[in-house]
Amino acid sequence: MRRMEFKMERPGLLEPGQKITVTEGVLPSNYYYTIDPALAMSGNIPFRYRLQSREGVVTDVIENARGFYVTAEFDEPEVDMKK
C-alpha cells in the first residue's frame, strides 16, 4: 500500500476509514493531488513517483502546530522518494 500525506486547512473534513478520490494537478516538474472536493492537498510529487490510483482510504488525521494532516493509503506499491 502506498501512503501519502495531505495538508487540510480545517478540522472535521475527513476522518479515518473514509474513502476518498483525488484529482491530479500538473506543474512544470511535479504533480500534486487534491482530495475531492478540495478538502486537502498533497505536496509536490516528482514525475517519476506519479500516483497511479485515484481512489484511496484515509488512515489517519493528525493536528500539530502547523495544521491538520491527513494520511491516505492507495492500492499500489509504496515508493521511496528519498532515492
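Looking at the pairing of strand β7 (residues 67–74)
Thought 1: In terms of burial, β7 is a largely internal element, 8 of the 8 residues being buried.
Thought 2: Of the strand pairs in this sheet, strand β1 (residues 2–8) and β7 are connected by 7 bridges, and their pairing is antiparallel. Residue pairing in the sheet places Phe6 in a bridge with Val70 of β7.
Thought 3: The hairpin turn running from strand β6 (residues 55–64) into β7, its antiparallel successor, is 2 residues long.

Focus on the packing of aromatic side chains
Thought 1: All told, the structure shown has 2 aromatic pairs when counted by the stated rule.
Thought 2: Considering the side-chain rings of Phe6 and Phe74, the 6.4 Å spacing of their centres and the 55° angle between planes classify their relative orientation as tilted. Pair noted here: Phe6 is in strand β1 and Phe74 is in strand β7, with a separation of 68 residues, a long-range link.
Thought 3: Taking the relative accessible area as the measure of exposure, Phe6 reaches 0% and is therefore buried.
Thought 4: For Phe74, a relative accessible area of 0% translates into the label buried.

Definitions and cut-offs
- Residues numbered from 1 in each chain as written.
- Predicted model: local features only at pLDDT ≥ 70, side-chain atom pairs only at ≥ 80, totals over all residues.
- Heavy atoms only, no water.
- Buried < 20%, exposed > 50% of the residue type's maximum accessible area, 1.4 Å probe, protein only.
- Helix = DSSP H or I, 4+ residues; strand = E, 2+ residues; numbered from the N terminus.
- Pairing = 2+ DSSP bridges.
- Phe/Tyr/Trp six-rings, centres within 6.5 Å; stacked < 30°, edge-to-face > 60°.

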